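Analysis of the macromolecular model
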Amino acid sequence: MALDPRLLEILACPDDKGPLLYFPDEDSLYNPRLHRRYLVEDDIPNMLIDEAETVDDSEHERLMARAESESIPFTFTP
């Protein structure tokens, strides 16, 4: 099950307060500015900064290329 679209409209990174990219099939929300991935567990986003995963450059490039090729929107427009 995907996250509720109404939740996605307001969901922001708890650290820099910016928008995120949502990858439902990977159960994750991604902040490309900080290279940080937040997992979605049982349809609940885990937005704890201490539990987020920092991704390396190659994973960042993969996620960004995927977001561009699949037209994945940010959770909101600042």
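Here, every reference points to the structure presented above.
Reference entry: report on the structure contained in this document.

About the cut-offs
Residues numbered from 1 in each chain as written. Predicted model: local features only at pLDDT ≥ 70, side-chain atom pairs only at ≥ 80, totals over all residues. Heavy atoms only, no water. Helix = DSSP H or I, 4+ residues; strand = E, 2+ residues; numbered from the N terminus. Buried < 20%, exposed > 50% of the residue type's maximum accessible area, 1.4 Å probe, protein only. Contact = heavy atoms within 4.5 Å. Areas by Shrake-Rupley, 256 points an atom, 1.4 Å probe, with all protein chains shown as cover. Lys, Arg positive; Asp, Glu negative; His and termini not counted. Charge placed at Lys NZ, Arg CZ, Asp CG, Glu CD. Patch = residues over 30% accessible without salt bridge, like charges linked within 9 Å, V, L, I, M, F, W, Y side chains within 5 Å. Salt bridge = Lys/Arg side-chain N within 4 Å of Asp/Glu carboxyl O.

1. Structural notes on the overall build of the chain
Within the chain, the regular secondary structure consists of 2 helices and 5 strands. Tracing the chain from N to C terminus, the helices and strands come up as α-β-β-β-β-β-α. Dimensions of the chain along its principal axes, counting C-alpha atoms only, are 30 × 30 × 25 Å. Relative to its 78 residues, the chain shows a buried fraction of 40%. A separation of at least 24 residues holds for 46% of the contacts in the chain among residues at least 6 apart in sequence. Total accessible area on the chain stands at roughly 4900 Å², and carbon and sulfur atoms take up 54% of it. For the chain, the distance from the average site of its 7 positive side-chain charges to the average site of its 19 negative ones is 4 Å.

2. Notes on the environment of Leu34
Residue placement: Leu34 occurs in the loop between strand 2 (28-31) and strand 3 (36-41). Under the relative-accessibility criterion, Leu34 is labelled partly exposed at 30%. Residues Leu34 and Glu51, spaced 17 residues apart in sequence, show a C-alpha to C-alpha distance of 14 Å. Setting aside residues no more than four positions away along its own chain, Leu34 makes contact with Cys13, Asp15 and Asp16.

3. Side note on a negative patch on the surface
A surface patch of negative charge is lined by Asp27, Glu41, Asp42, Asp43, Asp50 and Glu51. Mapped onto the fold, Asp27 is located in the loop between strand 1 (21-23) and strand 2. Here Asp27 falls in the partly exposed class, since its relative accessible area comes to 39%.

Just distances and angles here, no functional claims.
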